[in-house]
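Commentary on secondary and tertiary structure
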Amino acid sequence: MLDQKTIDIIKSTVPVLEEHGEQITTVFYKRMFENHPELLNIFNHANQKQGRQQRALAGTVYAAAKYIDNLEMILPVVNQIAHKHRSLGILPEHYPIVGKYLLLGIKEVLGDAATDEIIHAWTEAYGVIADAFISVEAEMYDEAASQNGGWKGFRPFIVANRVEESEVITSFYLKPVDGKALASFKPGQYISIKLEIEGEEFTHIRQYSLSDAPGKDYYRISVKKEAGIETPDGKVSNYLHNSVEEGEVLQISAPAGDFFLDTERDTPVVLLSGGVGLTPMVSMLNTVAELNPEKEVTFIHAALNGKVHALKEEVAATAAKAKVNSVVFYDQPTEEDRQSNSFDVEGYITKKWLKENIDLDQADFYFCGPVPFMKAVNSSLKALGVTEDRIHFEFFGPMASLEA
Ligand code: HEM
């Protein structure tokens, strides 16, 4: 436990660090990767370039520091990040490295203002925060490894099948090479794939939501081919699309994530997705349809048009079997879409539409998609009086804020 003086120093210096946040984290990452280039095997190079991860990690350390005497308060946030860390394979021995270079960043940027007393206090505080993550993650590693079909770290999977779902989205059906049991998962969870790309110095790790219900002998992911092969994110998804054929072996970590459908609740469910954000939603849909076909589900999907609308037939077939109301929004329908009547509404999902078409009083809302979509859905639901405990969402990439 930290003494009161240390706590006071931490709390009084948080604003200073936040003010110099960007500079400190830039120095921190630069120095850390210079001295530990092997960490580039874990960190997402695309997020590094855009500075998103810099802000996410250090920002969370400062946010946690504000609650240093009551870390319980931020346990939900720790939990969410710990899922990501566990999925990536972050280990206790990584924490002192991050701590060392974060402290170095603080010293370098603040110069004389960073007195020994301040540095000492932050060293202690970082230790307390890191311990909180390490212990939550240890439990997660144990849980992932101990369940039937579970494992620790990365396990080789063979691509048993590839299915083109739209012009931009392809599904990969993955089966464990060892032929042994496959851990179950909660609909909405994701896996990490660790890829070695020929000619690349470092491995790339990316998360993909599982897109089918649990309980099968495979995991399915449905990957969007990101535009621009030059961007590292595009590099990975393009590699999967262009170079990973049936029979290829991929390294996969066990399912993780705290965004999942609560199958215990008997309230109606509204699943909203934009673009490739539909992947966790289809997993949820398929799960409800199998477990509880009488449950009232509304599946709302927004896509640009029919060419990029993935898993269309699968969702329609599920909707026909269970008590599912499926609504398709196209923002820019093609002539063919119009002729084949393949969508229900033209344009975006609006507050007005939700108000007029959805029972907002009881349902739980789950949504996933691009940031503007998420912001619009979130603010509409709030404005329509949907309580926070019924709003569940997930972002792609580092956490961002939904506030405008
Ligand atoms: C992701 C915080 C320690 C590696 C993240 C995210 C946060 C975060 C907020 C974004 C989560 C998300 O996108 O959902 C922290 C904090 C740490 C810490 C507060 C220390 C107390 C570490 C350590 C490592 C690490 C020790 C490994 C050396 C990563 C990686 C990601 C990540 C690789 C994924 C994002 C990317 O690849 O750009 N962390 N982290 N973190 N963290 Fe940590």
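For every chain, the first residue of the written sequence is number 1, and numbering continues from 1 onward in sequence order. Whole-chain, interface and lining totals are the exception, using all residues; otherwise, since this is a predicted model, local features are given only for residues with pLDDT of at least 70 and side-chain atom pairs are given and counted only at 80 or more. Excluding hydrogens and water, the side-chain figures rest on all heavy atoms present in the structure.

Taking an unreviewed UniProt entry as the reference, the chain is identified by name as Flavohemoprotein belonging to Mesobacillus stamsii. Under the UniProt heading Function (unreviewed entry), the entry covering the chain gives this text: "Is involved in NO detoxification in an aerobic process, termed nitric oxide dioxygenase (NOD) reaction that utilizes O(2) and NAD(P)H to convert NO to nitrate, which protects the bacterium from various noxious nitrogen compounds. Therefore, plays a central role in the inducible response to nitrosative stress." UniProt positions are given in the numbering used here, feature names are shortened, and annotations may be inferred rather than shown by experiment.

1. Structural notes on the overall build of the chain
In this text, helices come from DSSP runs of H or I with a minimum length of four residues, and strands from runs of E with a minimum of two, each type numbered from the N-terminal end. Scanning the chain for helices and strands turns up 13 helices and 12 strands. The globule rule used for comparison is 2.2 Å times the number of residues to the exponent 0.38, while the radius of gyration itself is calculated over C-alpha atoms. Scaling as 2.2 N^0.38, a compact globule of 404 residues should have a C-alpha radius of gyration of about 22 Å, and the chain matches this with 22 Å. Over its C-alpha atoms, taken along the principal directions, the chain stretches across nearly 70 × 50 × 40 Å. Buried means the residue's accessible area, taken with a 1.4 Å probe over protein chains only, is under 20% of the maximum for its type, while exposed means over 50%, and partly exposed covers the values in between. Counting the 404 residues in the chain, one finds 53% classified as buried. Any two residues whose heavy atoms approach within 4.5 Å are treated as being in contact. In the chain, 73% of the contacts between residues at least 6 apart in sequence involve partners at least 24 apart. Carbon and sulfur atoms provide 51% of the accessible area of the chain, an area that totals close to 19100 Å². Positive residues here are Lys and Arg, negative ones are Asp and Glu, while His and the chain termini are left out of the count. Charge positions come from single atoms, namely NZ of Lys, CZ of Arg, CG of Asp or CD of Glu. With 38 positive and 59 negative side-chain charges, the chain shows a spacing of 2 Å between the two charge centroids. We get accessible surface area from the Shrake-Rupley algorithm with a probe of 1.4 Å; when it comes to residues, only the shown protein chains can shield them.

2. Thoughts on the coordination of the iron atom of the ligand
Just one protein atom donates to the iron atom of the ligand; it is His85 (NE2), sitting 2.1 Å from the metal. Relative to the helices and strands, His85 is located in helix H5 (residues 75-88). Only N, O and S atoms count as donors, using a 2.8 Å cut-off from the metal and 3.2 Å for Na, K and Ca, and because water is excluded some sites may appear unfinished.

3. Things to note about the sheet that holds strand E8 (residues 297-303)
Ordered in space as E10-E9-E8-E7-E11-E12, the 6 strands form an open sheet in which the pairing is parallel. Both outer strands of the open sheet, strand E10 (345-346) and strand E12 (391-394), are each paired with one neighbouring strand and no more. Whether two strands pair comes down to DSSP finding at least two bridges between them. Pairing of strand E7 (residues 269-274) with E8, which is carried by 6 bridges, proceeds in the parallel orientation. If you follow Ser273 over to E8, its bridge partner there is His301. This element, helix H9 (residues 278-291), spans E7, E8, strand E9 (324-330) and strand E11 (364-368) of the sheet and lies at about 150° to E7. Only C-alpha atoms enter the line fits that serve as axes; for helices the fit covers just the stretch in contact. Angles between N-to-C directions range over 0 to 180 degrees.

4. Focus: the packing of aromatic side chains
Pairing of aromatic rings covers Phe, Tyr and Trp, the last counted by its six-membered ring, and requires centre-to-centre distances within 6.5 Å; plane angles under 30 degrees mean stacked, over 60 mean edge-to-face, and any other angle means tilted. Within the structure shown, the criterion is met by 15 aromatic pairs. An aromatic cluster is built from Phe28, Tyr29, Phe33 and Phe43, whose rings are joined through pairwise contacts. Lying across the ring of Phe260, Lys186 places its NZ or CZ 4.5 Å from the centre. Either the NZ atom of lysine or the CZ atom of arginine qualifies as a charge over a ring when it sits within 6 Å of the ring centre and within 35 degrees of the ring normal. Lying across the ring of Phe154, Lys194 places its NZ or CZ 4.4 Å from the centre.

5. Here we look at the sheet that holds strand E5 (residues 219-224)
Spatially, E4-E3-E6-E1-E2-E5 is the arrangement adopted by the 6 strands of the open sheet, whose pairing is antiparallel. Only two strands of the sheet have a single neighbouring strand rather than two, namely strand E4 (204-209) and E5. Recorded for the sheet is a direction-independent mean angle of 40° between the axes of neighbouring strands. Note: strand E1 (residues 154-164) against strand E2 (residues 169-176), 7 bridges, orientation antiparallel. Bridge assignment links Glu164 to a residue of E2, and that residue is Thr170.

6. Points about the nonpolar core
Buried residues of nine kinds, namely Ala, Val, Leu, Ile, Met, Phe, Trp, Tyr and Cys, make up a nonpolar core once their side-chain atoms join them within 4.5 Å. Among the nonpolar cores identified, the biggest contains 51 residues, and Ile10, Phe28, Met32 and Trp122 are the most heavily contacted of them. In terms of residues, this core owes the most to one element, helix H7 (residues 116-146), which gives 11 residues. Contacts of Met32, omitting those with residues within four sequence positions, involve Leu39, Phe43, Ile97, Val98 and Tyr101. Counting residues in hydrophobic clusters, the runner-up holds 25 residues, among them Ala144, Ile191, Leu210 and Tyr239.

7. Focus on the pairing of E8
Regular strands have side chains that alternate between both faces of the sheet. Burial runs high along E8: 7 of the 7 residues are buried. Of the two faces of E8, the one holding Val297, Phe299, His301 and Ala303 and the one holding Thr298, Ile300 and Ala302 are both buried throughout. The handedness of the E7 to E8 crossover, carried by H9, is right-handed. Handedness of a crossover is defined as follows: with both strands directed away from the viewer, a clockwise route from the first strand across the helix to the second makes it right-handed.

8. Describing the pairing of E7
The buried fraction of E7 amounts to 6 of the 6 residues, a majority that puts the element mostly inside the structure. Here E7 shows two buried faces, one formed by Val269, Leu271 and Ser273 and the other by Val270, Leu272 and Gly274. Pairing between E7 and E11: 5 bridges, direction parallel. When the bridges of E11 are listed, Ser273 appears paired with Cys368.

9. Here's the deal with the pattern of salt bridges
Basic side-chain nitrogens of Lys or Arg form a salt bridge, by our definition, when they fall within 4 Å of a carboxyl oxygen of Asp or Glu. Following the criterion strictly, the structure yields 16 salt bridges and no others. A salt bridge links Asp69 to Lys11, with the shortest nitrogen-to-oxygen separation between them at 3.1 Å. Residue Asp69 is found in the loop between helix H4 (52-66) and H5, and its partner Lys11 is found in helix H1 (residues 4-19); the two are separated by 58 residues along the sequence. Classification of Asp69 by relative accessible area gives partly exposed; the value is 39%. On the accessibility criterion, Lys11 (37% relative accessible area) is partly exposed. Here Arg31 makes a salt bridge to Glu108, at a shortest N to O gap of 2.9 Å. One end of the pair, Arg31, is in helix H2 (residues 21-35); the other, Glu108, is in helix H6 (residues 94-110), and 77 residues separate them in sequence. What emerges from the salt-bridge pattern is a single network uniting Lys30, Arg31, Glu34 and Glu108.

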